[in-house]
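# Reading the structure
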Amino acid sequence: MRVLSGTKPTGDSLHLGNYFGALRQFVSLQDKYDESLYFIADYHSMTTVRDAALRRRYTTNVALDYLAAGLDPERAILFRQSDIPEVCELTWLLTSVTPMGMLERAHAYKAAMDKGENVDHGLFTYPVLMAADILLYHADLVPVGQDQKQHIEMTRDMAQRFNHAYDCEALVIPEPYIMKDAAVVPGTDGQKMSKSYGNTIAMFASEKQIKKAVMGVVTDSKGVDEPKDPSAPIFDLWNLFADAKEREEMAQRAQAGGLGYGDIKKDLLARVLDHFASMRERRAHFEARPDDVEAILRAGAEKARAMAAPVLEGCRLAAGLGVNGLA
Ligand code: ADP
Ligand code: TRP
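As the structure is a computational prediction, the values presented were derived from the model and not from experiment. (Residues numbered from 1 in each chain as written. Chains lettered and ligands numbered in written order. Predicted model: local features only at pLDDT ≥ 70, side-chain atom pairs only at ≥ 80, totals over all residues. Heavy atoms only, no water.)

In this section: helix H7 (residues 149-165). Look at H7: 24 Å from first C-alpha to last across 17 residues, which is about the 24 Å you get at 1.5 Å a residue. Considered for burial, the residues of H7 that qualify are Gln150, His151, Ile152, Met154, Thr155, Met158, Ala159, Phe162 and Asn163. (Helix = DSSP H or I, 4+ residues; strand = E, 2+ residues; numbered from the N terminus. Expected span 1.5 Å × (residues − 1). Buried < 20%, exposed > 50% of the residue type's maximum accessible area, 1.4 Å probe, protein only.)

Moving on, we come to the packing of helix H1 (residues 16-29) against helix H11 (residues 261-287). Closest axis-to-axis distance for the H1/H11 pair is 13 Å, and the angle between their directions is 80°. Between H1 and H11, the angle is such that the two are roughly perpendicular. Only His275, Phe276 and Met279 of H11 make contact with H1, whose side of the interface consists of Leu16, Tyr19 and Phe20. Here the contact of H1 with H11 is built from residues that sort into 5 nonpolar, 1 polar and no charged. (Axes fitted to C-alpha atoms, helices over the stretch in contact; angles between N-to-C directions. Parallel < 35°, antiparallel > 145°, perpendicular 65-115°, else oblique. Contact = heavy atoms within 4.5 Å. Nonpolar A, V, L, I, M, F, W, Y, C, P; charged D, E, K, R; others polar.)

This paragraph deals with helix H6 (residues 121-135). Between its first and last C-alpha, H6 extends 21 Å over 15 residues, near the 21 Å set by a 1.5 Å rise per residue. The largest bend in H6 comes to about 40°, at Pro127. Burial within H6 is extensive, with 13 of its 15 residues counted as buried. The N-cap residue of H6 is Asp120: its side-chain oxygen and the backbone nitrogen of Gly122 are 3.1 Å apart. (Bend = angle between axes of the 7 residues up to and from the residue. Polar contact = N/O pair within 3.5 Å; in protein donor to acceptor, adjacent residues only side chain to side chain.)

Turning next to the environment of Ala139. Position of Ala139 relative to the elements: it lies in the loop between H6 and strand S4 (141-143). Judged by its relative accessible area of 1%, Ala139 falls in the buried class. Excluding residues within four positions of it along the chain, Ala139 makes contact with Arg2, Leu4, Ile134, Val172 and Pro174.

Turning to the site of ligand 1, a few remarks are in order. If you check the shell around ligand 1, you find 15 residues, and the closest are His15, Asp147, Val185, Ser194 and Lys195. Within the backbone of Met193, a nitrogen or oxygen atom sits 2.9 Å from a nitrogen atom of ligand 1. Within the side chain of Ser194, one N or O atom sits 2.7 Å away from an oxygen atom of ligand 1. Protein burial of ligand 1: of its 540 Å² of free accessible surface, 90% is covered by the chains. Split by residue class, the shell around ligand 1 holds 5 nonpolar, 7 polar and 3 charged. (Near = heavy atom within 4 Å. Areas by Shrake-Rupley, 256 points an atom, 1.4 Å probe, with all protein chains shown as cover.)

Have a look at this one:
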């Protein structure tokens with residue numbers, strides 16, 4: 001089984017939503033399956049980041065976050081999407097079997113249209129590039145957060161359409177892998193945690209910044225003695241760092257009253273810092289060795305390219321591109 005996933009480099013450090021919704025699964029899946037590929041989706045970041053230096057910085061940061069969280073270049077292939085530009089060719093091959101209506105139904109595109117944003121073709125085609133990412137490497141399983149499930153369904157659809165159009169089996173139909181307990185992580189304002197809402201708690205921000213974010217998590221104005229709603233965002237966040245027994249106890253204490261939000265926040269802060277402490281050390285280790293990080297990404301790209309070449313060749317042959325058999 002071949003597992004593959006990617007992360008868009010659009011910020012300085014991944015946040016708790018990225019970690020609990022995706023990255024944590026990447027790390028645990030490394031040991032479960034024989035082949036894993038995790039990449040940094042720098043082409044995808046082009047729909048929002050329009051500054052070369054910034055993109056490079058964000059790309060390095062995702063590489064550091066990957067390594068810090070425990071992705072291991074000995075067990076997983078780590079690479080930068082744009083090191084394999086062949087993915088753009090497969091994107092083109094797929095666009096020609098992708099109905100407009102499918103892309104018009106994509107959540108991200110619809111949301112941008114609803115907000116009256118100036119939508120460019122890159123954003124519209126985003127799901128096709130994502131499908132190419134997955135199909136180019138014959139991935140069987142794609143671990144992603146809930147919000148990416150639609151993209152995987154579209155990927156399956158495109159692969160089936162391509163195979164059908166050219167009466168071939170050049171592309172493998174992948175499965176989504178959504179962790180059962182990968183709930184949507186709320187941000188400090190109670191909406192879904194997302195960079196675009198500015199409501200994140202970053203895994204590797206400074207202690208001061210994390211403290212500020214945690215202390216700023218929205219709560220109602222109930223006093224210490226009043227019973228609290230255990231499904232409020234502050235409890236959802238706290239629960240991420242607690243085991244089943246602790247969660248149950250916390251829910252009971254919340255409903256009984258006598259527990260102040262300030263104390264919960266202090267405890268949450270301690271748990272966040274503790275949870276990421278060893279990862280933070282590992283991150284600092286790699287941050288001080290940029291050449292090593294670059295070498296890891298290059299070695300990963302070489303392996304990824306070796307996997308991609310026969311797949312793309314199979315698609316070209318099936319579609320009658322190039323000189324048949326020699327192309
Ligand atoms: P953002 O919304 O901050 O831009 P991305 O869209 O880059 O985050 O998400 C990267 C990965 O992290 C995706 O697989 C996504 O499903 C997951 N993810 C992002 N935010 C959350 C969240 N609040 N809860 C759970 N998973 C999330
Ligand atoms: N679209 C994904 C996100 O926003 C990132 C991504 C790009 C991806 N290509 C992918 C995820 C291929 C899984 C597989 O999070």
